[in-house]
Amino acid sequence: MMLDKNFTDFLEELSSAAPVPGGGGASAAVGALAAALASMVANLTTGKKKYAAYEEDIRRILKDSEKKRKELTALADADAEAFQPLAKAYGLPKTMPEEIAHREEVMKTVLYDASIAPLRIMETVTDVIRLIEEVAEKGSVMAVSDAGAAAVFAQAALKGASLNVFINTKSMKDRETAAALNEQARRMIGEGEALTDRIFEMVMNRLDN
């Protein structure tokens with residue numbers, strides 16, 4: 001798996017001229033970092049007497065954040081797998097009418113698949129954001145800054161993945177499908193941005209008091 005590699009190796013590949021990993025894989029990686037930070041806060045909270053009232057919730061958050069981190073790790077590969085056929089499709093011949101028709105049919109499929117992959121990243125990051133909100137409120141104040149960092153990372157992952165949706169839907173000839181996918185992405189951006197901004201303010205308030 002892409003994110004199973006040494007981090008330095010991943011960065012080397014990301015910075016190269018290779019088509020993958022790219023923005024989608026990087027967004028999934030940042031989302032996984034956000035999930036890992038949520039787990040960190042939960043791990044630093046569980047078992048503490050001061051937060052005993054939240055123990056059951058913290059254990060659930062820990063379990064769920066670990067699950068989401070693994071999902072995002074896998075989604076980095078899924079995004080790369082969806083992009084590779086698209087990269088090949090752009091190279092298909094388009095001189096003869098039958099070639100043009102074939103290319104358009106292939107492009108319809110691969111553009112859709114390449115849009116769905118980052119949407120799945122966005123959906124998973126949205127789940128992570130909800131976990132961050134909860135752990136920022138219920139987790140140890142000693143680790144609340146890490147919850148804030150998780151929220152910042154999650155917002156970046158959400159917006160970063162959305163750009164991979166928009167660049168692919170822009171090339172779709174089926175504008176109805178493109179509009180529907182864009183609407184999903186924009187809705188998640190709006191909800192996620194509002195929530196992560198609120199988490200950041202919550203964290204700042206906990207740090208100030």
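This text goes with the structure placed above it.
Residues numbered from 1 in each chain as written. Predicted model: local features only at pLDDT ≥ 70, side-chain atom pairs only at ≥ 80, totals over all residues. Heavy atoms only, no water.

A few points about the nonpolar core
Here's step 1: Met122, Val125, Ile132, Val135 and Ile199 are the most contacted members of the largest nonpolar core, which totals 50 residues.
Here's step 2: Taken together, the elements giving at least two residues each to this core come down to helix H2 (23–45), helix H3 (55–89), helix H4 (97–138), helix H5 (144–169) and helix H6 (175–208).
Here's step 3: With 14 residues, the single largest contributor to this core is H4.
Here's step 4: Ignoring any residue separated from it by four or fewer positions in sequence, one finds valine 135 in contact with Ala38, Val41, Ala42, Ile58, Ile61 and Ala147. (Core = buried A, V, L, I, M, F, W, Y, C linked by side-chain atoms within 4.5 Å. Buried < 20%, exposed > 50% of the residue type's maximum accessible area, 1.4 Å probe, protein only. Helix = DSSP H or I, 4+ residues; strand = E, 2+ residues; numbered from the N terminus. Contact = heavy atoms within 4.5 Å.)

Quick notes on the environment of phenylalanine 7
Here's step 1: With respect to the element layout, phenylalanine 7 can be found in helix H1 (residues 7–15).
Here's step 2: In this structure the C-alpha to C-alpha distance between phenylalanine 7 and isoleucine 199, which are 192 residues apart in sequence, comes to 28 Å.

So, a nonpolar patch on the surface
Here's step 1: A cluster of nonpolar side chains, contributed by Leu33, Val152, Phe153, Phe200, Met204 and Leu207, occupies part of the molecular surface with about 480 Å² of accessible area.
Here's step 2: For the nonpolar patch, the elements supplying multiple residues, two or more each, are H5 and H6.
Here's step 3: Here the element with the most residues in the nonpolar patch is H6; it accounts for three residues.
Here's step 4: In this structure, valine 152 sits in helix H5. (Patch = residues over 30% accessible without salt bridge, like charges linked within 9 Å, V, L, I, M, F, W, Y side chains within 5 Å. Areas by Shrake-Rupley, 256 points an atom, 1.4 Å probe, with all protein chains shown as cover. Salt bridge = Lys/Arg side-chain N within 4 Å of Asp/Glu carboxyl O.)

Remarks on the packing of aromatic side chains
Here's step 1: Per the counting criterion, the structure on display carries one aromatic pair.
Here's step 2: Centroid distance phenylalanine 7 to phenylalanine 10: 6.4 Å. Interplanar angle 25°. Geometry classified as stacked. With phenylalanine 7 and phenylalanine 10 both in helix H1 and three residues apart, the pair spans about one turn of that helix.
Here's step 3: Exposure remark for phenylalanine 7: the relative accessible area of 55% places this residue in the exposed category.
Here's step 4: Among the residues examined, phenylalanine 10 registers a relative accessible area of 4% and is labelled buried. (Phe/Tyr/Trp six-rings, centres within 6.5 Å; stacked < 30°, edge-to-face > 60°.)

Regarding the side chain of asparagine 168
Here's step 1: Structurally, the position occupied by asparagine 168 is in helix H5.
Here's step 2: With a relative accessible area of 7%, asparagine 168 lands in the buried category.
Here's step 3: In terms of polar contacts, asparagine 168 uses its side chain to reach the backbone carbonyl oxygen of alanine 114, at 3.1 Å.
Here's step 4: Beyond its immediate sequence surroundings of up to four residues, asparagine 168 is in contact with Leu86, Leu111, Ala114 and Ser115. (Polar contact = N/O pair within 3.5 Å; in protein donor to acceptor, adjacent residues only side chain to side chain.)

Side note on the pattern of salt bridges
Here's step 1: In this structure the tally under the stated criterion is 12 salt bridges.
Here's step 2: Residue aspartate 127 is joined to lysine 68 by a salt bridge in which the shortest nitrogen-to-oxygen separation is 3.0 Å. In this pair, aspartate 127 is assigned in helix H4 and lysine 68 in helix H3, connecting sequence segments 59 residues apart.
Here's step 3: Salt-bridge contacts for glutamate 193 lead to lysine 159; the nearest nitrogen and oxygen are separated by 2.9 Å. Here glutamate 193, found in helix H6, pairs with lysine 159, found in helix H5; they are 34 residues apart in sequence, far enough to count as distant.

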